[in-house]
Amino acid sequence: AQSVAQPEDQVNVAEGNPLTVKCTYSVSGNPYLFWYVQYPNRGLQFLLKYITGDNLVKGSYGFEAEFNKSQTSFHLKKPSALVSDSALYFCAVSLQFSGNTPLVFGKGTRLSVIA
Amino acid sequence: GAGVSQSPSNKVTEKGKDVELRCDPISGHTALYWYRQSLGQGLEFLIYFQGNSAPDKSGLPSDRFSAERTGGSVSTLTIQRTQQEDSAVYLCASSLVGQGRNEQFFGPGTRLTVL
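In this report, the structure presented in the accompanying data block is examined. (Residues numbered from 1 in each chain as written. Chains lettered and ligands numbered in written order. Predicted model: local features only at pLDDT ≥ 70, side-chain atom pairs only at ≥ 80, totals over all residues. Heavy atoms only, no water.)

**Re the overall build of chain B**
Along chain B, the regular secondary structure elements total zero helices and 10 strands. In chain B, the succession of α and β elements from N to C terminus is β-β-β-β-β-β-β-β-β-β. By the compact-globule yardstick of 13 Å for 115 residues, chain B fits well, its C-alpha radius of gyration being 14 Å. Along the first, second and third principal axes, the C-alpha set of chain B runs to 40 × 25 × 25 Å. Looking at the 115 residues of chain B, the share that counts as buried comes to 49%. In chain B, the share of contacts with a sequence separation of at least 24, taken over all contacts with a separation of at least 6, comes to 55%. Charge separation in chain B, taken as the distance between the mean sites of 11 positive and 11 negative side-chain charges, equals 2 Å. (Helix = DSSP H or I, 4+ residues; strand = E, 2+ residues; numbered from the N terminus. Rg over C-alpha atoms; globule rule 2.2 N^0.38 Å. Buried < 20%, exposed > 50% of the residue type's maximum accessible area, 1.4 Å probe, protein only. Contact = heavy atoms within 4.5 Å. Lys, Arg positive; Asp, Glu negative; His and termini not counted. Charge placed at Lys NZ, Arg CZ, Asp CG, Glu CD.)

**Brief notes about the interface of chain B and chain A**
Listed per partner, the contact involves 27 residues of chain B and 24 residues of chain A. Both faces combined, the contact of chain B with chain A buries some 1800 Å², and carbon together with sulfur accounts for 50% of it. Applying the counting criterion to the chain B and chain A interface returns one salt bridge. Here B:Glu103 ties to A:Lys49 by a salt bridge, and the two come within 2.5 Å at their closest N and O atoms. Listed by contribution, the elements that provide at least two residues to the side of chain B that touches chain A are β4 (31–38), β5 (42–50) and β8 (88–95) of chain B. Examining the composition of the side of chain B that touches chain A, we find that five residues originate from one element, β5(B), more than from any other. Residues of the side of chain B that touches chain A, tallied by class, amount to 11 nonpolar, 12 polar and four charged. (Buried area = accessible area lost by both parts, 1.4 Å probe. Salt bridge = Lys/Arg side-chain N within 4 Å of Asp/Glu carboxyl O. Nonpolar A, V, L, I, M, F, W, Y, C, P; charged D, E, K, R; others polar.)

**Some words on the pattern of salt bridges**
All names here are of chain B. All chains considered together, the criterion is met by six salt bridges over all chains. Among the ionic pairs, Asp24 bridges to Arg22, the shortest N-O distance being 2.9 Å. On the accessibility criterion, Asp24 (23% relative accessible area) is partly exposed.

**Re the layout of surface pockets**
As a volume, the largest pocket reaches approximately 700 Å³. Looking at the largest pocket, it is lined by 29 residues, and the ones nearest its centre are A:Gln38, A:Leu88, B:Gln37, B:Val89 and B:Arg111. Elements that contribute at least two residues to the lining of the largest pocket include exactly β10 (87–95) of chain A together with β4, β8 and β10 (110–114) of chain B. The residue inventory of the lining of the largest pocket, partitioned by class, reads 10 nonpolar, 14 polar and five charged. (1 Å grid on protein atoms, 1.4 Å probe; cavity = no way out; pocket = protein on both sides within 12 Å on 5 of 7 lines; lining within 4 Å. Points joined across faces, edges and corners; volume = space filled by probe spheres on them.)

**Here we look at the environment of B:Leu43**
In this structure, B:Leu43 sits in strand β5. B:Leu43 sits 46 residues away from B:Val89 along the chain, and the two C-alpha atoms are 9.3 Å apart. Those residues within four positions of B:Leu43 in sequence are excluded, and the remaining contacts are A:Leu44, A:Phe90, A:Phe105, B:Tyr35, B:Arg36, B:Gln37, B:Leu91 and B:Phe106.

**Considering the packing of aromatic side chains**
The geometry of an aromatic ring pair comes down to the distance between the two centres and the angle between the two planes. Tallied over the full model, the rule gives 14 aromatic pairs over all chains. Ring plane angle 25 degrees and centroid distance 6.1 Å describe the contact between A:Tyr25 and A:Phe67, whose orientation is recorded as stacked. Taken together, the residues A:Tyr25 in strand β4 (residues 24–26) and A:Phe67 in strand β8 (residues 64–68) connect sequence positions 42 residues apart. A:Phe67 carries the same exposure label as A:Tyr25, and that label is buried. Site record: aromatic cluster; members linked through ring pairs are A:Phe34, A:Tyr36, A:Phe46, A:Phe90, A:Phe105, B:Tyr33, B:Tyr35, B:Phe45, B:Tyr48 and B:Phe106. (Phe/Tyr/Trp six-rings, centres within 6.5 Å; stacked < 30°, edge-to-face > 60°.)

**Quick notes on the sheet that holds strand β3 (residues 19–24) of chain B**
Residue and element names in this part refer to chain B. Within the open sheet, the four strands sit side by side as β1-β3-β7-β6. Their pairing is antiparallel. A single partner strand is all that each edge strand has here, and the edge strands are β1 (5–7) and β6 (65–69). Each neighbouring strand pair of the sheet contributes to a mean axis angle of 15 degrees, computed without reference to strand direction. Here β1 runs beside β3; their pairing, made up of three bridges, is antiparallel. Note on β3: the bridge partner recorded for Gln6 is Cys23. (Pairing = 2+ DSSP bridges. Axes fitted to C-alpha atoms, helices over the stretch in contact; angles between N-to-C directions.)

What follows is the structure, encoded as structure tokens:
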């Protein structure tokens, strides 16, 4: 069965500093990996995904994530954090099939960017 | 419409009552998903529809939960005899189907409170 771990409930970072939100996964096959962001009282917004190919994936709002197969990780990064990046971030995984499968989500990491 | 819509946005009900939650997916998206977001529990998969295939109901927590999707578009999630532990935000998502096309787009959710 697939699972996703986000080891940090909360990440605090100063504005302008680089940020990392960690994610590790466990699947019995090739994964699709996703990051979503949730702002207060809003639905989840898609940030980026890894399907295949280049291990470094670039997404919305200057975020990027690196797929590391040996470490089964897909950490989210941004070189310079903004206060507006403060939100709840979810990592998710599904299996690569010809069809679609539901996402398995981590429990989320709350990012707080301090001015 | 441009995105996934859900109604109502908020629902307060008494324990034991039935509730219906509605989801309008993005036009042309053949896959539709229901998730539940509970405080401290992250996102939990409930049910998944794809085209005319039988739905994947493996995430439904009890037989009080059911869902249907009429005409391959609108979906309704029904919770019978609601319990206080059903209180959560219910999120609907839709996606295209196929390799590399399966990022899910989420609606704003329905916040259900069972008194």
